[in-house]
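# Examination of the molecular architecture
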Amino acid sequence: MKKRSPAPAAGLRTPSWVGWLFVAPALAVYAVFVLRPIVLTFQYSLYRWDGIGPSTWAGLDNYVKVFTDPDLFDSILNAFKLIVFFSAIPVVLGLAIASTIRRIATSRLALVARTVLFLPQVIPLVAAGIAWSWLLSSNGLVNQVFSHLGLGGVTRAWLGDFSTALPAVGVIGAWVLLGLCTILLLAGLSKIDPAVYEAARMDGAGPLREFFSITVPSLRQEIGVCVTVTVIAALASFDIVFIATQGGPGNSTMVPGLEIYYLAFSERQVGMASALAVVLMVLVLACALPVQWLTKDRTS
């Protein structure tokens, strides 16, 4: 007969509080560097304060101004407009590119494509912003190509024109995030059993049918991660806008992150900057949490 191992002695059982000792350092760091600044930001948003002198109680006046001041409210609208470029374009193109790379996975072209597409992720955003500023300037490469193609009437200072500055910034963001979305979706594609595609082809399914009936449903969670990351990048954008346009021309490319920076450090309106930061945090959560819920795996 098989011998049973003796039950552990009651005296040797590890107390439940010991586990908390292992996570205590991480919780302490999180509380000091994340939770405490959030609480302080909310506290500052209820006051009028220049960051140095005495503060005066403002209540919800700062929040009212965020939604009634045209400049502040327009910066929020600009961030939502960037979602089209930062999120929709990279996710849609990433799906198409990832599906194409899966079909040529064994060729050298697939390796080259993955490397080229992921390259923007290892380039500092400051360097990317400067490079794109040169490309999109009046004498930049983009306008030179249009001139050689006989489209000189189309040329302009793309980042200096009121009508094209925000889309131009969006193109830069789409270029940066496309590689990340493609790699994440490729990782998701690797978990799909090739036999599923073979069975679909045997049933007469074409590439489009495979894409919409197999690829997209199977990548539900990966698409959710891509949408969440890119939407947050659009709403919290700062680096690219600051380097490329600094919010101009006028306020046509002003976004909340840059507006918070100017309010706090240039205009010394710490209370107003804190209120806008709290509103931005709420908007990010309001956009990200539904996406996570909709794309959650409900099979388990």
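Provided above is the structure to which this section pertains.
Computed from a predicted structure; not experimentally measured. (Residues numbered from 1 in each chain as written. Predicted model: local features only at pLDDT ≥ 70, side-chain atom pairs only at ≥ 80, totals over all residues. Heavy atoms only, no water.)

### A look at the overall build of the protein chain
Quick note on the threshold: Each helix corresponds to a stretch of at least 4 residues labelled H or I by DSSP, and each strand to a stretch of at least 2 residues labelled E; elements are numbered beginning at the N terminus. Here the radius of gyration uses the C-alpha set of atoms, whereas the globule reference equals 2.2 Å times the residue count to the power 0.38. For the exposure calls, accessible area comes from a 1.4 Å probe over protein chains only, and a residue counts as buried if that area is under 20% of its type's maximum, exposed if over 50%, partly exposed in between.
Across its full length, the protein chain holds 13 helices and two strands. By the compact-globule yardstick of 19 Å for 300 residues, the protein chain is too spread out, its C-alpha radius of gyration being 25 Å. Dimensions of the protein chain, computed from C-alpha atoms along their principal axes, come out at roughly 85 × 65 × 30 Å. Among the 300 residues that make up the protein chain, the fraction classed as buried is 35%.

### Some points on the packing of helix α3 (residues 70–103) against helix α12 (residues 256–265)
Spelled out, the test is: The convention used is that axes are lines fitted to C-alpha atoms, helices contributing only their stretch in contact, and that angles between N-to-C directions extend from 0 to 180 degrees. Whether two residues touch is decided by their heavy atoms; if any such pair falls within 4.5 Å, the residues are in contact. Nonpolar residues are Ala, Val, Leu, Ile, Met, Phe, Trp, Tyr, Cys and Pro. Charged residues are Asp, Glu, Lys and Arg, and all others, Gly as well, are polar.
Put simply, α3 and α12 touch, their axes get as near as 8 Å, and they point 145° apart. For the pair formed by α3 and α12, the contact residues are Asp-71, Leu-72, Ser-75, Ile-76 and Ala-79 on the first element and Pro-256, Glu-259 and Leu-263 on the second. In terms of residue class, the contact of α3 with α12 is made up of five nonpolar, one polar and two charged.

### Here's the deal with the nonpolar core
Defined as follows: Buried Ala, Val, Leu, Ile, Met, Phe, Trp, Tyr and Cys residues form a nonpolar core when they are joined through side-chain atoms within 4.5 Å.
Core analysis: the biggest nonpolar cluster contains 40 residues, and Val-66, Leu-82, Leu-136, Leu-235 and Leu-276 have the highest contact counts within it. Elements that contribute at least two residues to this core include exactly α2 (61–68), α3, α7 (165–189), α10 (220–235), α11 (239–244), α12 and α13 (270–294). The biggest single contributor to this core is α13, with eight residues. Each residue touching Leu-136, except ones within four places of it in the same chain, is listed here: Val-142, Arg-156, Ala-157, Trp-158, Leu-159, Ala-168 and Ile-172. One finds Ala-98, Leu-186, Tyr-197 and Ile-223 within the second-largest nonpolar core, a separate group that totals 19 residues.

### A few points about the side chain of Glu-222
By the secondary structure assignment, Glu-222 is in helix α10. Accessibility expressed as a relative area gives 16% for Glu-222, which makes it buried. When residues no more than four places from it in sequence are discounted, the contact partners of Glu-222 are Leu-184, Leu-185, Gly-188 and Lys-191.

### A word on the pattern of salt bridges
To be explicit about the condition: The rule for a salt bridge is simple: a side-chain nitrogen of Lys or Arg has to be within 4 Å of a carboxyl oxygen of Asp or Glu.
Within the structure shown, the criterion is met by five salt bridges. Among the ionic pairs, Arg-48 bridges to Asp-61, the shortest N-O distance being 3.1 Å. Of the two residues, Arg-48 is situated in strand β1 (residues 47–48) and Asp-61 in helix α2; the sequence distance between them amounts to 13 residues. Overall, Arg-48 belongs to the partly exposed group, its relative accessible area being 43%. Linking Glu-210 and Arg-201 is a salt bridge whose minimum nitrogen-to-oxygen distance equals 3.5 Å.

### Concerning the state of the cysteines
The line we're drawing: For the purposes of this analysis, a disulfide is any pair of cysteine sulfur atoms at a distance within 2.5 Å.
Counting across every chain of the model gives zero disulfides. A disulfide-free cysteine, Cys-181 has its sulfur positioned 4.1 Å from the sulfur of Cys-226, the nearest such atom. You can call Cys-226 buried: its relative accessible area is 1%.

### Some remarks on the packing of aromatic side chains
The condition is simple: Only Phe, Tyr and Trp rings take part, Trp by its six-membered ring, and two of them pair if their centres are within 6.5 Å. Stacked means planes under 30 degrees apart, edge-to-face means over 60, and tilted covers everything else. Throughout this description, the term charge over a ring refers to an Arg CZ or Lys NZ atom that lies within 6 Å of the ring centre and within 35 degrees of the ring normal.
Applying the stated criterion to the full structure yields 11 aromatic pairs. Note on Phe-67 and Phe-73: the rings are 6.4 Å apart at their centroids and 55° apart in plane angle, and the pair reads as tilted. Through successive ring pairs, a cluster of aromatic residues spans Phe-238, Phe-242, Tyr-261, Tyr-262 and Phe-265. Directly above the aromatic system of Tyr-197 lies the positively charged group of Arg-102, at a separation of 3.9 Å from the ring centroid. Above the face of the Trp-158 ring, Arg-156 is positioned so that its terminal group lies 5.5 Å from the ring centre.

### What to know about unusual backbone geometry
That bond from Gly-248 to Pro-249 is cis: its omega, -5°, falls within 30 degrees of zero. Relative to the helices and strands, Pro-249 is located in the loop between α11 and α12. We note that Gln-246 has phi near 55°; this positive angle belongs to a residue other than glycine. Position of Gln-246 among the secondary structure elements: in the loop between α11 and α12. Here Gln-246 falls in the partly exposed class, since its relative accessible area comes to 48%. We note that Arg-268 has phi near 55°; this positive angle belongs to a residue other than glycine. Note that Arg-268 resides in the loop between α12 and α13. Looking at Arg-268, the relative accessible area reads 37%, which means it is partly exposed.

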